[in-house]
Amino acid sequence: MPENMKNEILRPIPANAIHICVDMQQMFMPPGPWAVDWLPETLPKVIQLVERQPARTVFTRFIPARRPGDGTGQWRDYYLRWADMTLERAGADIIELAPELRRFVPPARQFDKFVYSPWFGGRLQRALAQDAVDTVIVSGGEADMCVLATLLGAIDFGYRTVLAQDAICSTSNEAYDAIVSLFSKRYSHHVEVAPVEVILELWR
């Protein structure tokens, strides 16, 4: 965490808040090709958030293409490059949540997506609107990819957005520091950044 960074979260988090846990899946566990080395270290903090209110948790899952070359535009090239991470080659088990998180579903919900953003297609937004959600807490990985897309979408939809700074993971210290700094400073009017301990204290 960059020095002199202040947490701006002061108000209580309402009971109708939703915790969006981004892509804490088997495919990102070490030692695979898409391994996020920090994921096992981050997992205990994520579990603390989920345990507070499992029924108020949404797990997103990134679903790769079925076979190499599937997809349109740049995604087709992407899955030619990462052919070994397609479902046909890697197996469907890679999309499952980390084993420590599976026990929370249900009551936690899963939303599958085929791109970085969980908002694409509108299904998640409709579900949150139906539940009259106005606040989202974001954890998971990777900080500079799917977490970033989740945060930007939440901003666009006008949610009060809380980033759990010690419950997100990345493949590099530089990327993590950049994301935390970006949302603590540049997006400080849209995103509140705080550690899990503070979030749990304010989310009753």
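Just above, that's the structure.
Residues numbered from 1 in each chain as written. Predicted model: local features only at pLDDT ≥ 70, side-chain atom pairs only at ≥ 80, totals over all residues. Heavy atoms only, no water.

**Quick look at the state of the cysteines**
For the record, the criterion: In what follows, a disulfide is any cysteine sulfur pair within 2.5 Å. For the exposure calls, accessible area comes from a 1.4 Å probe over protein chains only, and a residue counts as buried if that area is under 20% of its type's maximum, exposed if over 50%, partly exposed in between.
Counted under the stated rule, the structure contains zero disulfides. With no disulfide partner, Cys-146 has as its closest neighbouring cysteine sulfur the one in Cys-169, 11 Å distant. Given a relative accessible area of 6%, Cys-146 falls into the buried group. No disulfide involves Cys-169; its nearest neighbouring cysteine sulfur is the one of Cys-21, lying 8.8 Å away. A relative accessible area of 1% means that Cys-169 is categorised as buried.

**Describing the side chain of Thr-135**
Spelled out, the test is: Under the scheme used here, helices are H or I runs from DSSP no shorter than 4 residues and strands are E runs no shorter than 2 residues, and both carry numbers assigned from the N terminus. Two N or O atoms form a polar contact when they lie within 3.5 Å of each other; inside protein one atom must be a possible hydrogen donor and the other a possible acceptor, and for residues adjacent in sequence the pair counts only when both atoms belong to side chains. Pairs of residues are marked as contacts when any of their non-hydrogen atoms sit within 4.5 Å.
Examined against the element boundaries, Thr-135 turns out to sit in strand S4 (residues 135–141). Polar contacts involving the side chain of Thr-135 include one to the side chain of Asp-134, which spans 3.0 Å. Leaving out residues up to four positions away in the same chain, Thr-135 has contacts with Ile-13, Pro-14, Ala-17, Ile-18, Tyr-159, Arg-160 and Val-162.

**Digging into the nonpolar core**
The cut-off we apply is this: Nonpolar cores were defined as sets of buried Ala, Val, Leu, Ile, Met, Phe, Trp, Tyr and Cys residues, with membership established by side-chain atoms within 4.5 Å.
Met-24, Met-27, Leu-49, Phe-59, Leu-101 and Ile-199 are the most contacted members of the largest nonpolar core, which has 40 residues in total. Those elements that provide at least two residues to this core are helix H1 (39–52), strand S2 (57–62), strand S5 (160–169) and helix H8 (196–202). Here the element with the most residues in this core is H1; it accounts for six residues. Look past the residues within four positions of Phe-59 in its chain and what remains in contact with it is Cys-21, Val-50, Leu-97, Leu-101, Phe-104, Val-105, Ala-108, Arg-109, Gln-110 and Phe-111. Formed by 27 residues, the second largest nonpolar core is a distinct cluster that contains Ala-127, Ala-143, Ala-154 and Leu-163.

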